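Chain residues, written in single-letter form:
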Amino acid sequence: MKEKWKTLLLSSVIICLCIALLRYPQHSFEAAVRGLHMWWDVVFPSLLPFFIVSEILIGFGVVHFLGVLLEPFMRPLFKVPGIGGFVWAMGMASGYPAGAKLTARLRQQQQLSAIEAERLVSFTNSSNPLFIFGAISVGFFHNPNIGIILALSHYLGNICVGFMMRFHGKDENDTIPKQKKSLLRQAFRAMHETRLKHSQAIGKLLGDAVRSSIQTLFMIGGFIILFSVLNQLLYITNITKRLADMIQYALALFHLPSELSVPFIAGLFEITLGSQMTSEVTNATLLQKVIITSFILAFGGFSVQAQVASILAEAHIRFQPFFIARIFHGFFASFFAFLLWKPLYVQPLESAETLPVWLPEATIRWPMLYIHWIEQYGFFVTATVCLLYVVIAFRREKPPV
């Protein structure tokens, strides 16, 4: 009976979506074009290098080398193997959904148990510093100091989620193996054995890395376009407004103005639009807007979560623990944003400091320069790589003579 109601609900939602697409074709088209531009100009060229490099590092066994070295650190703190440190670093550097892709890849190679994969993916998916500093703090808020608070609260919240998820499930591999030999020697041996086990020509390895990365990015692009249209349709049909009317009572419990409810709902579906709308609210203090933006960045939006769910399903990793972790990450990040506001924003301004003394001004400028470069030349990067993908696919499928 439960499955019948689920089928009825899903079919009803799809029918309503089709009706909305027919009712508002112009708005749907414009939203799809916006999502396509975001993927084509920014998301594809910025994520592709990280995906390709990650695949190559896994193929050469470098990940196993780092896994042995980081085992004494990752196992007692987060109850995941040392290779989780590589996933964590790449997830922070490249942003959503790199952590999920790498976790699924390692799970498919039997480098992680199911429980370890659920723990790892819960805290290795995060927004990258370029997006936080460049797009959010400078692009939307026009204030680089905001990026410091958003970034610290975001990553501190992720660490808290990792500590929390170490208690998720039970695993036989929770104990740290005793090191009988040199840790560095063991790490090199693991890398060497992995390379010999998966030995293949460099050309084939590079081709497989490019093909796998582009296929993943195509999937990501489809979700970005879909949720861009869905968000626009929800806004036009006033569903966003009705949901905001319900959420404003929850915001009142945290002494947040009701004007932030609509941007908050929009951010639950897509983080870029929600962050932009939050920055434009006039009847709210800057601290209140930073708290909401911090929650939106940590939650990730249903668009990102749909991408992660699709990736995790291929490796048979449950999505529910990841979703619960995103909710906790949102509250952790919002709390840290409130906690860090006075020491990192108010006090530096009172002492006539534009930036904390420990943060060089160049640290703030280079993310924005990179964002501008991506926006200017990202089109050519995407077009070139897509053409390369077509050539590789054609040569792979071409029958031998």
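Structure shown above.
These lines cover the structure that appears in this document, whether it is placed above or below. All of these numbers come straight from a predicted model, not from anything done at the bench. (Residues numbered from 1 in each chain as written. Predicted model: local features only at pLDDT ≥ 70, side-chain atom pairs only at ≥ 80, totals over all residues. Heavy atoms only, no water.)

Looking now at the packing of aromatic side chains. Inspection of every chain in the model, using the stated rule, returns 18 aromatic pairs. With 5.3 Å between their ring centres and 20° between their planes, Phe78 and Phe163 make a pair best called stacked. Linking Phe78 in helix H3 (residues 62–78) with Phe163 in helix H8 (residues 144–165), this pair joins segments that are 85 residues apart in sequence. On the accessibility criterion, Phe78 (2% relative accessible area) is buried. Taken together through their ring pairs, the aromatic side chains of Phe264, Phe269, Phe295, Phe299, Phe302, Phe319, Phe322, Phe323 and Phe331 make up a single cluster. If you follow Arg166 out to its NZ or CZ, it ends over the ring of Phe167, 5.3 Å from the centre. (Phe/Tyr/Trp six-rings, centres within 6.5 Å; stacked < 30°, edge-to-face > 60°. Helix = DSSP H or I, 4+ residues; strand = E, 2+ residues; numbered from the N terminus. Buried < 20%, exposed > 50% of the residue type's maximum accessible area, 1.4 Å probe, protein only. Lys NZ or Arg CZ within 6 Å of the ring centre and 35° of its normal.)

Attention now goes to a nonpolar patch on the surface. On the surface, Trp373, Tyr377, Phe379 and Phe380 cluster together into a nonpolar patch covering about 440 Å² of accessible area. Positionally, Phe379 belongs in helix H17 (residues 361–397). Residue class for Phe379 comes out partly exposed when judged on its relative accessible area of 43%. (Patch = residues over 30% accessible without salt bridge, like charges linked within 9 Å, V, L, I, M, F, W, Y side chains within 5 Å. Areas by Shrake-Rupley, 256 points an atom, 1.4 Å probe, with all protein chains shown as cover. Salt bridge = Lys/Arg side-chain N within 4 Å of Asp/Glu carboxyl O.)

Let us now look at the nonpolar core. Core analysis: the biggest nonpolar cluster contains 74 residues, and Phe123 and Ile149 have the highest contact counts within it. The contacts of Phe123, once residues within four sequence positions are left out, are Met74, Phe78, Val80, Trp88, Asn158, Val161 and Gly162. (Core = buried A, V, L, I, M, F, W, Y, C linked by side-chain atoms within 4.5 Å. Contact = heavy atoms within 4.5 Å.)

With that settled, the discussion passes to helix H12 (residues 261–269). Extensive coverage of H12 is indicated by the burial of 9 of its 9 residues. Listed as buried for H12 are Ser261, Val262, Pro263, Phe264, Ile265, Ala266, Gly267, Leu268 and Phe269. Buried residues belonging to H12 abut helix H10 (202–236), helix H11 (239–253), helix H13 (271–279), helix H14 (286–299) and helix H15 (301–314).

What follows is about the packing of helix H2 (residues 25–60) against H10. Two elements in contact, H2 and H10, have axes whose closest approach is 7 Å; the angle formed by their N-to-C orientations is 150°. Comparing their axes, H10 and H2 come out roughly antiparallel. Considering the relative orientation of H2 and H10, their crossing is right-handed. When its residues are assigned to classes, the contact of H2 with H10 shows 27 nonpolar, 10 polar and 2 charged. (Axes fitted to C-alpha atoms, helices over the stretch in contact; angles between N-to-C directions. Parallel < 35°, antiparallel > 145°, perpendicular 65-115°, else oblique. Left-handed = near helix turned anticlockwise from the far one by under 90°. Nonpolar A, V, L, I, M, F, W, Y, C, P; charged D, E, K, R; others polar.)

So, on to the pattern of salt bridges. For the structure on display, the rule yields 3 salt bridges. Note that Glu116 and Arg75 form a salt bridge whose closest N and O atoms lie 2.9 Å from each other. Here the residue Glu116 occupies a position in helix H6 (residues 114–123), and Arg75 occupies one in helix H3, the gap between them amounting to 41 residues. With respect to burial, Glu116 and Arg75 carry one shared label: buried.

Relative to the helices and strands, Ser279 resides in helix H13. Residue Ser279 is classed as buried on the basis of its relative accessible area of 14%. Separated by 2.7 Å, the side chain of Ser279 and the backbone oxygen of Gln276 make a polar contact. Non-local contacts of Ser279, meaning those with residues more than four positions away in its chain, are made with Phe140, Phe141 and Lys289. (Polar contact = N/O pair within 3.5 Å; in protein donor to acceptor, adjacent residues only side chain to side chain.)

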